[in-house]
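Coordinate inspection notes
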Amino acid sequence: MGADLVIGANTIVEATLSHTTLPHLNWALSRIKVEPVTEQAAKAAAEFLEDTGLHGHKYATVAEVALRQPKPVALLTSNSDDMTKLCGSQVRIIPPDQPAPRITRRTGGSRAPPVPSTGDNSGQIQLPGTGSR
């Protein structure tokens, strides 16, 4: 069984600000689903902020992208407190102090940059289109 890896389009800009090289970024983007952050999505994110009394458009747009995905959804985030408030119980929040799921690629193609692993195979995520285990 596989899972889609999804990011909001605005995350691409954030990744380039974190000193990610363009070849690595393009490799990653070729293997994940990039969701648009539209006017409607931005308005929904603004409502989330108003409803929760929080600030920070970056986290609200990430929450909006997560909430529009087919369930179940897990969100890896360093801001677990705010994301829990924004997403409620509809999204499983995984803070960085918990082992992240290991991502594996099953078929041929270009070689991937190294992906850190916790050594725990119980949380593997299968990339879309790469077969199932």
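As a starting point, this report considers the structure included with it. (Residues numbered from 1 in each chain as written. Predicted model: local features only at pLDDT ≥ 70, side-chain atom pairs only at ≥ 80, totals over all residues. Heavy atoms only, no water.)

Turning our eyes to something else, we now look at the packing of helix H4 (residues 57–67) against helix H5 (residues 80–87). For the pair H4 and H5, interaxial distance at closest approach is 10 Å and the crossing angle is 50 degrees. In terms of orientation, H4 lies oblique with respect to H5. Here H4 runs over H5; the crossing is right-handed. Across from Tyr-59, Ala-60, Val-62, Ala-63 and Leu-67 in H4, the residues of H5 making contact are Met-83, Leu-86 and Cys-87. (Axes fitted to C-alpha atoms, helices over the stretch in contact; angles between N-to-C directions. Helix = DSSP H or I, 4+ residues; strand = E, 2+ residues; numbered from the N terminus. Parallel < 35°, antiparallel > 145°, perpendicular 65-115°, else oblique. Left-handed = near helix turned anticlockwise from the far one by under 90°. Contact = heavy atoms within 4.5 Å.)

Quick look at the pattern of salt bridges now. In total, this model carries four salt bridges according to the counting rule given. A salt bridge links Lys-43 to Glu-39; the nearest nitrogen and oxygen atoms lie 3.0 Å apart. Of this pair, Lys-43 and Glu-39 both sit in helix H3 (residues 39–52), four residues apart, which is roughly one turn of the helix. Residues joined by salt bridges that share partners form a network here, namely Lys-33, Glu-35, Glu-64 and Arg-68. (Salt bridge = Lys/Arg side-chain N within 4 Å of Asp/Glu carboxyl O.)

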